Amino acid sequence: MNEASLPNRLSENIPLTPGSAEAKRIRVPHDTVPALRSDHAGETGAVSIYRGILAVSRLEPVRAFACRHLETEQQHLRLMDEILTPTKRSKLLPAWRVAG
């Protein structure tokens, strides 16, 4: 299989999973990087939000909700980590992680 570009993979509607051969072969077109950088930052923020909820909430329905969504967002983040190389990610991520 040839290396795939992101738009082609999305138009085929083939689900990508972290660690999959398809995810590792994706080459991100230059004009798509800003949108993916924003998505990566959003996934990073979502993971932090759900971790924060789990750190402070003692309500079981809230914790169950946060656990389910944390798992989903972590999977999204792992996939984004594979698609978007570290040099193309937001330079502000370390500051946002510290700030919580």
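Please refer to the structure higher up on the page.
Residues numbered from 1 in each chain as written. Predicted model: local features only at pLDDT ≥ 70, side-chain atom pairs only at ≥ 80, totals over all residues. Heavy atoms only, no water.

Undergrad: Provide a residue-level description of helix α4 (residues 60–83), including the pertinent values.
TA: An α-helix turns once every 3.6 residues. As a result, residues three or four positions apart point the same way. The terminal C-alpha atoms of α4, which comprises 24 residues, lie 35 Å apart, in line with the 34 Å expected from a rise of 1.5 Å per residue. Looking at α4, one finds that the buried residues are Ala 66, Leu 70, Glu 73, Leu 77, Leu 79, Met 80 and Ile 83. Against α2 (21–25) and α3 (33–56) lie the buried residues of α4. (Helix = DSSP H or I, 4+ residues; strand = E, 2+ residues; numbered from the N terminus. Expected span 1.5 Å × (residues − 1). Buried < 20%, exposed > 50% of the residue type's maximum accessible area, 1.4 Å probe, protein only. Contact = heavy atoms within 4.5 Å.)

Undergrad: Tell me what's going on with the nonpolar core, and back it up with residues and numbers.
TA: Leu 16, Ala 23, Ile 26, Val 28, Val 33, Leu 36, Leu 79, Met 80, Ile 83 and Leu 84 form the largest nonpolar core, which has ten residues in total. At the level of elements, α3 and α4 are the ones that each hand at least two residues to this core. Ranked by residue count, the leading element in this core is α4, at three residues. In this structure, Val 47, Tyr 50, Leu 54 and Leu 77 belong to the second largest nonpolar core, which totals six residues. (Core = buried A, V, L, I, M, F, W, Y, C linked by side-chain atoms within 4.5 Å.)

Undergrad: How would you explain α3 if you had to name every residue and give the values?
TA: Taking 1.5 Å of rise per residue, 24 residues should cover 34 Å, and α3 covers 35 Å from first to last C-alpha, within 8% of that figure. For α3, the set of buried residues is Val 33, Leu 36, His 40, Ala 41, Glu 43, Thr 44, Ala 46, Val 47, Tyr 50 and Leu 54.

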